[in-house]
Every structure is written in C-alpha cells, then in structure tokens.
Amino acid sequence: LDASGPLVRRASIPVERCVLSLRAGGVPVQGSWWAGTYVCNAVFYEEVGYVQGSGVRVGFVHVPLLDSQDAQGLPLSVLVTAVQRVIGTSLAQCS
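Residues numbered from 1 in each chain as written. Predicted model: local features only at pLDDT ≥ 70, side-chain atom pairs only at ≥ 80, totals over all residues. Heavy atoms only, no water.

K.L.:
Requested: an account of the side chain of Ser21, with residues and values cited.
P.N.:
Locating Ser21 in the fold gives a position in helix 1 (residues 15–24). Here Ser21 falls in the buried class, since its relative accessible area comes to 14%. Apart from the residues within four sequence positions on either side, Ser21 is in contact with Arg85 and Thr89. (Helix = DSSP H or I, 4+ residues; strand = E, 2+ residues; numbered from the N terminus. Buried < 20%, exposed > 50% of the residue type's maximum accessible area, 1.4 Å probe, protein only. Contact = heavy atoms within 4.5 Å.)

K.L.:
Requested: an account of the layout of surface pockets, with residues and values cited.
P.N.:
There is about 860 Å³ of room inside the largest pocket. What lines the largest pocket is a set of 33 residues, among which Gln30, Ser32, Phe60, Val61 and His62 lie closest to the centre. Those elements that place two or more of their residues in the lining of the largest pocket are helix 1, helix 2 (39–51) and helix 3 (76–94). Looking at the lining of the largest pocket, its residues break down into 25 nonpolar, six polar and two charged. Size it by volume and the second largest pocket reaches roughly 180 Å³. Of the residues contributing to the lining of the second largest pocket, the split by class is seven nonpolar, two polar and one charged. (1 Å grid on protein atoms, 1.4 Å probe; cavity = no way out; pocket = protein on both sides within 12 Å on 5 of 7 lines; lining within 4 Å. Points joined across faces, edges and corners; volume = space filled by probe spheres on them. Nonpolar A, V, L, I, M, F, W, Y, C, P; charged D, E, K, R; others polar.)

Just distances and angles here, no functional claims.
What follows is the structure, given as structure tokens:
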C-alpha cells in the first residue's frame, strides 16, 4: 500500500482481550490479524499510519450484516453489545 511504509501495521488495541470479552458476552467472534484484501485493509493500514506516534489506539472490527439483512446475520442487540465490549476492553487497557 505504501512502498516507503512497513509491510505490516498492527492494531494497538488488545485484540486477544477483546475476543475473550466478546465470547464471555455470548457474541460469536473469530479473532484475526488480517483486515482483508481491499478496502478494509487499506483503511486499517492508513488509519494506523495516520495515528502513529500519537498515543491513539487503533483497531479494526468487521461487523456482520443484521439478521434482517441476511440469514446468517446477527441481531442489532448483539452487534451493539459487541461494539460496547470492544470499546470497553480497549479503554480498560488505557487506564
């Protein structure tokens, strides 16, 4: 993505802790070190580069479709819980 930049840029939120928190809350989750191959990867790579050295924590979460949009989707309440848990877990690491 950036010939002068690093090959890999990593999340600075506690990914493993977030996954454990989501599972504890009953949210089906799969941890990954990969944001994807196209737009998601580009957004994450640039996001990490943009905040580098600022102390801002960065992560990327793929959110599935709602169950009303897709048979394999999740209810809105589960998605809200997931986002709240990721934010809470990430902020807990900062304090």
